[in-house]
Amino acid sequence: MPLTPDDVEVFERSRGRLEAIAYRLLGSASDAEDAVQDTFLRWQAADREHVETPEAWLTRVLTNLCLNQLTSARARRVTYVGTWLPEPVLAGDRMLGPVDTVEQRESVSMAVLTLMERLSANERVVYVLREAFGYAHGEIAEILGLTESNCQQIYRRARRHVATDRARAEVDEAATRKIVAEFLAAANSGETQRLIELLTDGVTSVGDGGGKIPARTTPISGALAVAKFLRGLFKPSGVKRDLVGGSPALYSAIVNGGPAVVVVIDDRVVGVMSLEVTSDGVAAIHTQVNPDKLERATRQWAASEHGEPLLHVW
């Protein structure tokens, strides 16, 4: 049955929500786009006259496509070089979806997206649909073909898996710039103690180079160890310049709802360092340098206003 303009409009009204669901489920904006496009193709091929509730139908199809992707993604990550981190998304991108409540903002944070890697595919679906989009357990049960009580049990288990005893600090653009400026000044000072004072005792730092850009393959833990690592990272080096193709400009930005350092060379984003900030200091640093996961960020960056860099390095 050929698509009518009304059919296309029905799908486009749901596109943003579908993208936001898929991104939270997959941790990859590019994979989320593919899943939404596949959902559109199935919508095009469907007997749409017999679809009573298009939104529910589209959500069910998208969720099943994401479940299949999650299964294959787990297999791929067994051979992934180093630590796998989610693809960073800059503020203003509709891929982030609703961020009106604390739960919605948390569900798209780099910390929670990383923790969700611990969940089974069903746990991830239940957690995302319930926590970020407010779906009733009965609706989720129908999507997954489970009982409502089973969905409730899965949700409780998923929440335990992603629970953290540290509360992120809520930040706006001005607070983000201040946090990032202090962090960069300390990291670039060469003074280990100055950095330690900004970090929590149990801070962790992890990077994702995907085997294409050098990055620590295991996390670094503890304020002293992380401070020493950062001090070395910011130390000028011709080798580093050659590796990334120039001297980077470092900007402050909000990424996945939190403060971040965006590393740019000739309008190309070559790195995103997301800072998980609590009332006690920086509790985690997630650094994405895999070029495959920075293509969308580069497009976003080119289309946005980002002011002057806070620092040039190397």
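Residues numbered from 1 in each chain as written. Predicted model: local features only at pLDDT ≥ 70, side-chain atom pairs only at ≥ 80, totals over all residues. Heavy atoms only, no water.

1. A few points about the packing of helix α6 (residues 121-131) against helix α7 (residues 137-144)
Then, number 1: Taken N-terminus to C-terminus, the directions of α6 and α7 make an angle of 145°; their axes are 10 Å apart at the nearest point. Here α6 runs over α7; the crossing is right-handed. Across the interface between the two elements, N122, V125, V126, L129 and R130 of α6 pack against H137, I140, I143 and L144 of α7. (Axes fitted to C-alpha atoms, helices over the stretch in contact; angles between N-to-C directions. Helix = DSSP H or I, 4+ residues; strand = E, 2+ residues; numbered from the N terminus. Left-handed = near helix turned anticlockwise from the far one by under 90°. Contact = heavy atoms within 4.5 Å.)

2. Quick look at the nonpolar core
General note: in soluble globular proteins, nonpolar side chains tend to be found buried as a group.
Then, number 1: With 52 residues, the main nonpolar core has Y23, L62, M116 and Y127 as its most contacted residues.
Then, number 2: Looking at this core, the elements with two or more residues in it are α1 (5-26), α2 (29-45), α3 (54-77), α5 (110-115), α6, α7 and α8 (148-162).
Then, number 3: Those residues in contact with M116 that sit more than four places away from it in its chain are R24, S107, R124, Y127, V128 and V162.
Then, number 4: Within the second largest apolar cluster, 30 residues are counted, among which are A187, I196, V277 and V282. (Core = buried A, V, L, I, M, F, W, Y, C linked by side-chain atoms within 4.5 Å. Buried < 20%, exposed > 50% of the residue type's maximum accessible area, 1.4 Å probe, protein only.)

3. Describing the side chain of Q300
Then, number 1: Tracing the sequence through the fold places Q300 in helix α13 (residues 295-302).
Then, number 2: Using a relative accessible area of 14% as the deciding quantity, one classes Q300 as buried.
Then, number 3: At a separation of 3.1 Å, a polar atom in the side chain of Q300 contacts the main-chain carbonyl oxygen of L90.
Then, number 4: Beyond its immediate stretch of four places on either side in the chain, Q300 contacts V89, L90, A91 and D93. (Polar contact = N/O pair within 3.5 Å; in protein donor to acceptor, adjacent residues only side chain to side chain.)

4. Let's talk about α6
Then, number 1: Taken across its 11 residues, α6 has 9 buried, putting it largely inside the fold.
Then, number 2: On the buried face of α6, the contacting elements are α1, α3, α4 (102-107), α5, α7 and α8.

5. A word on the pattern of salt bridges
Then, number 1: On inspection of all chains with the given rule, the structure shows 15 salt bridges.
Then, number 2: Three or more residues joined by partner-sharing salt bridges are found here, namely E33, D93 and R296. (Salt bridge = Lys/Arg side-chain N within 4 Å of Asp/Glu carboxyl O.)

6. Description of the environment of V112
Then, number 1: On the secondary structure map, V112 appears in helix α5.
Then, number 2: Counting along the chain gives 50 residues from V112 to V162, while the straight-line C-alpha distance between them is 6.6 Å.
Then, number 3: Apart from the residues within four sequence positions on either side, V112 is in contact with E106, S107 and Y127.

7. Examining unusual backbone geometry
Then, number 1: For N256, which is not a glycine, the phi torsion comes out positive at approximately 50°.
Then, number 2: Structurally, N256 is set in the loop between β3 (249-255) and β4 (258-265).

8. Focus on the packing of aromatic side chains
Then, number 1: A complete count under the given rule lists 3 aromatic pairs for this structure.
Then, number 2: Seen in terms of ring centroids, F11 and F40 are 5.0 Å apart; in terms of plane orientation they differ by 65°. Their pairing is edge-to-face. Residue F11 is located in helix α1, and its partner F40 is located in helix α2; the two are separated by 29 residues in the primary sequence.
Then, number 3: What makes F11 buried here is its relative accessible area of 0%.
Then, number 4: Just above the ring of W84 sits the side chain of R77; from NZ or CZ to the centre is 3.6 Å. (Phe/Tyr/Trp six-rings, centres within 6.5 Å; stacked < 30°, edge-to-face > 60°. Lys NZ or Arg CZ within 6 Å of the ring centre and 35° of its normal.)

9. Re the side chain of H137
Then, number 1: When you line up the elements, H137 lands in helix α7.
Then, number 2: The class of H137 is buried, set by a relative accessible area of 11%.
Then, number 3: Beyond its immediate chain neighbours, meaning those up to four positions away, H137 contacts R130, E148, C151, Q152 and Y155.

Just geometry here; none of it tells us what the structure is for.
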